[in-house]
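Analysis of the macromolecular model
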Amino acid sequence: MTDLIRFSFPLSPRMQTFLQLRDGLSCLAEAEREQQAFKWLQACADVRISLSGEQGRRPALPEVLGLLVSMQTHLKSLAEKHPRFRDKIMGSCEALGQHAQTLRNGMDETLRWLASDALIEAWLNALKKHDWLGHQRNMLQSLPALWQSTDRRNHLHDHLQGLSEAVRCLHAMLHDYVEWQRRLATEGSDQILPDRGTQFGLVIVGLAPKQVKAGVIPDISGNRLTIRIRFQSWLPGQAAMPMQEDVPYHAMLVPIA
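Residues numbered from 1 in each chain as written. Predicted model: local features only at pLDDT ≥ 70, side-chain atom pairs only at ≥ 80, totals over all residues. Heavy atoms only, no water.

For the rest of this paragraph, the subject is the overall build of the protein. Per the secondary structure count, the protein includes nine helices and eight strands. Here the C-alpha coordinates of the protein stretch approximately 50 × 50 × 30 Å along the principal axes. By sequence separation, contacts in the protein at least 24 residues apart represent 74% of the contacts at least 6 residues apart. Carbon and sulfur atoms make up 51% of the accessible area of the protein, which amounts to about 14000 Å² in all. On the protein, the mean spot of the 29 positive side-chain charges and the mean spot of the 27 negative ones are 3 Å from each other. (Helix = DSSP H or I, 4+ residues; strand = E, 2+ residues; numbered from the N terminus. Contact = heavy atoms within 4.5 Å. Areas by Shrake-Rupley, 256 points an atom, 1.4 Å probe, with all protein chains shown as cover. Lys, Arg positive; Asp, Glu negative; His and termini not counted. Charge placed at Lys NZ, Arg CZ, Asp CG, Glu CD.)

The topology assignment puts His-250 in strand β8 (residues 247-254). Take His-250: its relative accessible area is 10%, and that puts it in the buried class. Separated by 3.5 Å, the side chains of His-250 and Arg-182 make a polar contact. (Buried < 20%, exposed > 50% of the residue type's maximum accessible area, 1.4 Å probe, protein only. Polar contact = N/O pair within 3.5 Å; in protein donor to acceptor, adjacent residues only side chain to side chain.)

With that out of the way, let us pick up the packing of helix α1 (residues 13-34) against helix α8 (residues 151-176). Contact pair α1 / α8: the axes reach a minimum separation of 9 Å and the direction vectors enclose 125°. By the angle between their axes, α1 is oblique relative to α8. Crossing angle aside, the handedness with which α1 passes α8 is left-handed. Between α1 and α8, the residues in contact are Met-15, Phe-18, Leu-21, Arg-22, Leu-25, Leu-28 and Glu-32 and Arg-153, Leu-156, Leu-160, Leu-163, Ser-164, Val-167, Leu-170, His-171, Leu-174 and His-175, respectively. Taken together, the residues of the contact of α1 with α8 break down into eleven nonpolar, three polar and three charged. (Axes fitted to C-alpha atoms, helices over the stretch in contact; angles between N-to-C directions. Parallel < 35°, antiparallel > 145°, perpendicular 65-115°, else oblique. Left-handed = near helix turned anticlockwise from the far one by under 90°. Nonpolar A, V, L, I, M, F, W, Y, C, P; charged D, E, K, R; others polar.)

Taking 1.5 Å per residue, 26 residues should reach 38 Å; α8 reaches 36 Å between its end C-alpha atoms and fits that length. Roughly 50° is the biggest bend found in α8, and it falls at Leu-160. (Expected span 1.5 Å × (residues − 1). Bend = angle between axes of the 7 residues up to and from the residue.)

What follows concerns the sheet that holds β8. Taking strand neighbours across the sheet as the criterion, the four strands line up as β1-β4-β8-β2 in an open arrangement whose pairing is antiparallel. Lying at the two open borders of the sheet, with one neighbouring strand each, are β1 (5-10) and β2 (181-185). Adjacent strand axes in the sheet meet at a mean angle of 35°, parallel and antiparallel pairs treated alike. Packing against the sheet, α1 makes contact with β1 and β4 (202-207), and its axis sits at approximately 140° to β1. (Pairing = 2+ DSSP bridges.)

Here the focus is the pattern of salt bridges. Think of it this way: side chains of opposite charge can pair up when their charged atoms draw near. A complete count under the given rule lists twelve salt bridges for this structure. Where Arg-14 meets Glu-63, a salt bridge forms, and the shortest distance between an N and an O atom there is 3.2 Å. One end of the pair, Arg-14, is in helix α1; the other, Glu-63, is in helix α3 (residues 60-81), and 49 residues separate them in sequence. Relative accessible area serves as the criterion here: at 25%, Arg-14 is assigned to the partly exposed category. Sharing partners across several salt bridges, the network here consists of Arg-14, Arg-58 and Glu-63. (Salt bridge = Lys/Arg side-chain N within 4 Å of Asp/Glu carboxyl O.)

With that settled, the discussion passes to helix α6 (residues 118-128). Those residues of α6 lying buried are Leu-119, Ile-120, Ala-122, Trp-123, Leu-124, Ala-126 and Leu-127. Measuring from the backbone nitrogen of Leu-119 back to the side-chain oxygen at the start of α6 gives 3.2 Å, which picks out Asp-117 as the cap. Remark: His-130 follows α6 within two positions and exhibits a positive phi of approximately 55°.

We now examine the nonpolar core. For soluble globular proteins, nonpolar side chains are generally found buried alongside one another. With 60 residues, the main nonpolar core has Phe-18, Leu-21, Leu-103, Leu-160 and Leu-163 as its most contacted residues. Among the nonpolar cores identified, the runner-up in size contains 18 residues, and Leu-11, Val-203, Ile-229 and Val-247 belong to it. (Core = buried A, V, L, I, M, F, W, Y, C linked by side-chain atoms within 4.5 Å.)

At a closest axis distance of 9 Å, the pairing of α3 and helix α4 (residues 86-104) adopts a crossing angle of 160°. Relative to α4, the element α3 lies roughly antiparallel. Crossing of α3 against α4: the hand is left-handed. Here α3 contributes Leu-61, Val-64, Leu-65, Leu-68, Val-69, Met-71, Gln-72, Leu-75, Lys-76, Leu-78 and Ala-79 to the contact with α4, which in turn contributes Arg-86, Ile-89, Met-90, Ser-92, Cys-93, Leu-96, Gly-97, His-99, Ala-100, Leu-103 and Arg-104. Split by residue class, the contact of α3 with α4 holds 15 nonpolar, four polar and three charged.

In short, the description is geometric, and any link to function would need to be established separately.
Here is the structure:
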């Protein structure tokens, strides 16, 4: 169901790392399309933190490779159970293998570039000092001019292209091959009890756009044994309030960890 707005909650450290990298790369691409310099710079910093494992994060590259291998194993098992769709499933499996090989060939140059770029380093230092607009580094004055030069942006895009394609492919498979379940959060709350015999790595909650536009936001917590979903109301100028009425929603559990 492509019209749903999806909220992801990781059930494993590996999936948490993947989601952080996925979101950073997504923001980077969106900032480039929309020509938003500050958003681009923040996304660059976030991607660097994910890849290098700074600020308490796990290095993302080994985790992405691990998920690619796990997904391949799962797809091969599916192909054996569903011979009718074997060719299509194995085609997807081969695509994942190609992405994995691209990443195994190394991203040392990408990491070196991200660690060496003076603009990204200055922005990270500004954030560490809680200087969110970079006042002390004169970001507002220098960034518009630096943004006009496409060398930095094009070079980074080329470096990250293989990784971005691998993450997009994995994201699509994680989100599309599991069926949605229709659920109802009674008085705004629900609890999901995953099958203990399956190792789930991700829970995805889907809401209709009109629900989110009305301020309905899920608060998801828990672990592989119990997942708690509490819907809140986020209205302009008001504190978050628990939903008191029943909330229909969709959910899926992804058996890749």
